[in-house]
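# Commentary on secondary and tertiary structure
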Amino acid sequence: MSETGREPLRIGVLGAARITERSLIDPARATGHRLVAVAARDRARAEAFAAGHGVERVASSYADLIADPEVDVVYNPLANGLHGPWNSEALAAGKHVLSEKPSASNAAEAAEVRQAAERAGTVFMEAFHYLFHPVTRRLHELLASGELGELRHVEAVVAIAAPPDTDPRWSLPLAGGALMDLGCYGLHALRMLAPWAGGAPRLAAARAGERAGAPGVDEWLDADLEYPGGATGSARCHMAHAGLDMGIRIVGSRGEATAPNFVLPQLDDRVVIRTARGERTEHLGTRSSYTYQLEAFAARVRGGAPLPLDADDAVTTMELIDACYLKAGFEARPRTRI
């Protein structure tokens, strides 16, 4: 049985992506869920993945994995452009779906995924794992308690060193780009502050730079947002940065709070709070944000517990991503056909 005492999830994995060990394999082991099957374009790679990570069997194709009656949850960590079509396929087969972000290549495709989820009546969630960690929950508590006063400004930066030129994150046909891979975290985090800002933010401006040798793909993008209550926000992302930077800073009328790594808080669990009374640092724990996420997803699937993320939220995020691209002079990411 899983840690909740309910029937374990029976998970099928699309692809053999490197992120899966951190994002699913380790959390599933920690929480007692079954890894029933994996499929990859290269069967030998899938077999090596299964042997190395304790997956019960290898499916011949993505379609075969989705059709497997013993799989009730499909995890989709494929390249961005393959999220939308395979999410829709899995939902149409009656599976619950945990999809890596972003949920689709563009807002129109995200709306199709939402429609597929509505028809299936199953659980769909975009894997914004940061939201489930105590670091993010604490930032929200500091606003809700009034300790920081009224929200005035928020800034989020998500930046990494450049992946190899052959990485699919630099591929326009596979819906690559810094905003898709990284900036979606910052935009989502700013959207989640709406309850303390008078409502959802609107995009005011966006600027971006194109990756050399990858026409139409953003190497970096900066977005400026405005909230109905008067607060402002900035979400910056860079996929060819000097190093790792994943911080968020929230400024209120009475103080401010900073999380040095809100995206991967297990690497740095600090929240630094500064008010008129002084400065203090709180440590919120290095347990993986992905483990918290899988627990929340399983509680929804098995027990009907509420989730802060659903297909509607995924569409709203993609609408904002599309708007950023257009404002910055780029096109929304194209649909990938399978």
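Residues numbered from 1 in each chain as written. Predicted model: local features only at pLDDT ≥ 70, side-chain atom pairs only at ≥ 80, totals over all residues. Heavy atoms only, no water.

## Considering helix α8 (residues 289-303)
Over its 15 residues, α8 runs 21 Å from end to end, which matches the ideal 21 Å to within 8%, given 1.5 Å per residue. Most of α8 sits inside the fold, with 12 of its 15 residues counted as buried. Three or more residues of α8 are buried, namely S289, Y290, T291, Y292, Q293, L294, E295, A296, F297, A298, A299 and V301. Contacts from the buried residues of α8 go to α1 (19-31), β4 (73-76), β5 (96-99), β6 (124-126) and α6 (134-144). Here α8 starts with a cap whose side-chain oxygen sits 3.0 Å from the backbone nitrogen of Y290, and that cap is S288. Trailing α8 by a residue or two, G304 shows a phi angle of about 75 degrees, which is positive. (Helix = DSSP H or I, 4+ residues; strand = E, 2+ residues; numbered from the N terminus. Expected span 1.5 Å × (residues − 1). Buried < 20%, exposed > 50% of the residue type's maximum accessible area, 1.4 Å probe, protein only. Contact = heavy atoms within 4.5 Å. Polar contact = N/O pair within 3.5 Å; in protein donor to acceptor, adjacent residues only side chain to side chain.)

## Looking at the pattern of salt bridges
By the definition in use, this model includes 33 salt bridges. A salt bridge links E155 to R249, with the nearest nitrogen and oxygen atoms 3.3 Å apart. Taken together, the residues E155 in strand β7 (residues 151-159) and R249 in strand β11 (residues 248-252) connect sequence positions 94 residues apart. Residue classification places E155 among the partly exposed residues on the basis of a relative accessible area of 28%. The network of salt bridges with common partners includes R138, E141, E147, R277, R280 and E282. (Salt bridge = Lys/Arg side-chain N within 4 Å of Asp/Glu carboxyl O.)

## Focus on the side chain of H83
Take H83: it is sitting in helix α4 (residues 83-92). Within the structure, H83 has its side chain in polar contact with the backbone oxygen of P102 (distance 2.5 Å). Residues contacting H83, with those up to four places away along its chain left out, are N76, P77, L78, S99, E100, K101, P102, S103 and A104.

## Considering the environment of D165
Tracing the chain through its elements places D165 in the loop between β7 and α7 (178-191). Between the C-alpha atom of D165 and that of W196, which follows or precedes it by 31 residues, the distance is 41 Å. Excluding residues within four positions of it along the chain, D165 makes contact with W170 and R211. There is a polar contact of 2.9 Å between the side chain of D165 and the side chain of R211.

## Description of the pairing of strand β1 (residues 10-14)
Among the five residues in β1, four count as buried, and that is most of the element. With α1 bridging β1 and its parallel neighbour strand β2 (residues 34-39), the resulting β-α-β unit is right-handed. Two elements, β1 and β4, share three bridges in a ladder whose sense is parallel. Bridge assignment links V13 to a residue of β4, and that residue is Y75. (Right-handed = clockwise from strand over helix to strand, strands pointing away. Pairing = 2+ DSSP bridges.)

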